[in-house]
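The lines below spell out each chain.
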Amino acid sequence: SKGPDPDFVGRRVAVLDDEAPVRDVVANVLAEVGATVDRFTSSAEGCESIERAAAAGRPYDVVISDVRMPERNGYEVFRVTKQACPRTQVILIDDGSEPPTVSVVRALGDEGAVTALFVWCLAKVLGGKKPPEHLAHVEPVGVDEVEKR
């Protein structure tokens, strides 16, 4: 890691994933670049924290959630987040069936690809750096597409 990145320092991020290895990789990468990260194993607990933070006037800047979670799935997390604070950005991740994330990870085949993709997605939703060249063709799915699911 190159250390703190000014685009991430001070940003509040919630990471919701019931699988510890995924949750920890994402949270650790974000912490390394300077984000303040809260980790949640339970989507219900994560949703409660998202609502509490917004009600207290300290909403998360970004919520990252696994699509397939017990209790509440990622699409429900998306709806709860947007109802609590419409300006909070949401990134949904999936373990195998949602393009484009999976195709990029499969194509590049390593943790570095996952790291680069998450950092790029976050930079994009937080105001936009250009993606690394090997990810330039990837476009995150838009809000309208998520709301259809």
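Quick caveat: nothing in here was measured; it's all calculated off a predicted structure. Each chain carries its own residue numbering, running from 1 in the written order of its sequence. In keeping with the predicted nature of the model, local features appear solely for residues at pLDDT of at least 70, side-chain atom pairs appear and are counted solely at 80 or more, and the whole-chain, interface and lining totals rest on all residues. Hydrogens and waters are ignored; side-chain quantities use all the structure's heavy atoms.

Can you explain the overall build of the protein chain? Please cite residues and give values.
Along the protein chain, the regular secondary structure elements total six helices and four strands. Should any heavy atoms of two residues lie within 4.5 Å, those residues are considered in contact. Here the analysis covers contacts within the protein chain between residues at least 6 apart in sequence; of these, 68% occur between residues at least 24 apart. Only the protein chains shown count as cover for residues, with accessible areas throughout obtained via the Shrake-Rupley method and a probe of 1.4 Å. As displayed, the protein chain has an accessible area near 7800 Å², and 50% of this comes from carbon and sulfur atoms. Numbering of helices and strands starts at the N terminus; helices are DSSP runs of H or I of at least 4 residues and strands are runs of E of at least 2.

Go over the sheet that holds strand β4 (residues 89-93), please, and point to the residues and values.
Spatial strand order, β2-β1-β3-β4: four strands in an open sheet with parallel pairing. The outermost strands of the open sheet, each flanked by one partner alone, are β2 (36-40) and β4. Going from strand to strand, the sheet's axes swing by 15 degrees on average, the running direction of each strand aside. Lying on the sheet, helix α2 (residues 43-55) is in contact with β1 (12-16), β2 and β3 (62-66); it crosses β1 at an angle near 160 degrees. Contacting β1, β3 and β4, helix α3 (residues 74-84) crosses the sheet at an angle of about 175 degrees to β4. Two strands make a pair as long as DSSP finds a minimum of two bridges between them. All axes are obtained by fitting lines to C-alpha atoms, using only the stretch in contact for helices, and the reported angles, taken between N-to-C directions, cover 0 to 180 degrees.

Got a sec to walk through the pattern of salt bridges? Specific residues and values, please.
In what follows, salt bridge is the name for a side-chain nitrogen of Lys or Arg lying within 4 Å of a carboxyl oxygen of Asp or Glu. Applying the stated rule across the entire model yields two salt bridges. Among the salt bridges present, the one from D38 reaches R12, with a minimum N-O distance of 3.9 Å. Taken as a pair, D38 in strand β2 and R12 in strand β1 lie far apart in primary sequence, 26 residues in all. Since its relative accessible area comes to 14%, R12 is described here as buried. Residue exposure (1.4 Å probe, protein chains only): buried if accessible area is under 20% of the type maximum, exposed if over 50%, otherwise partly exposed.

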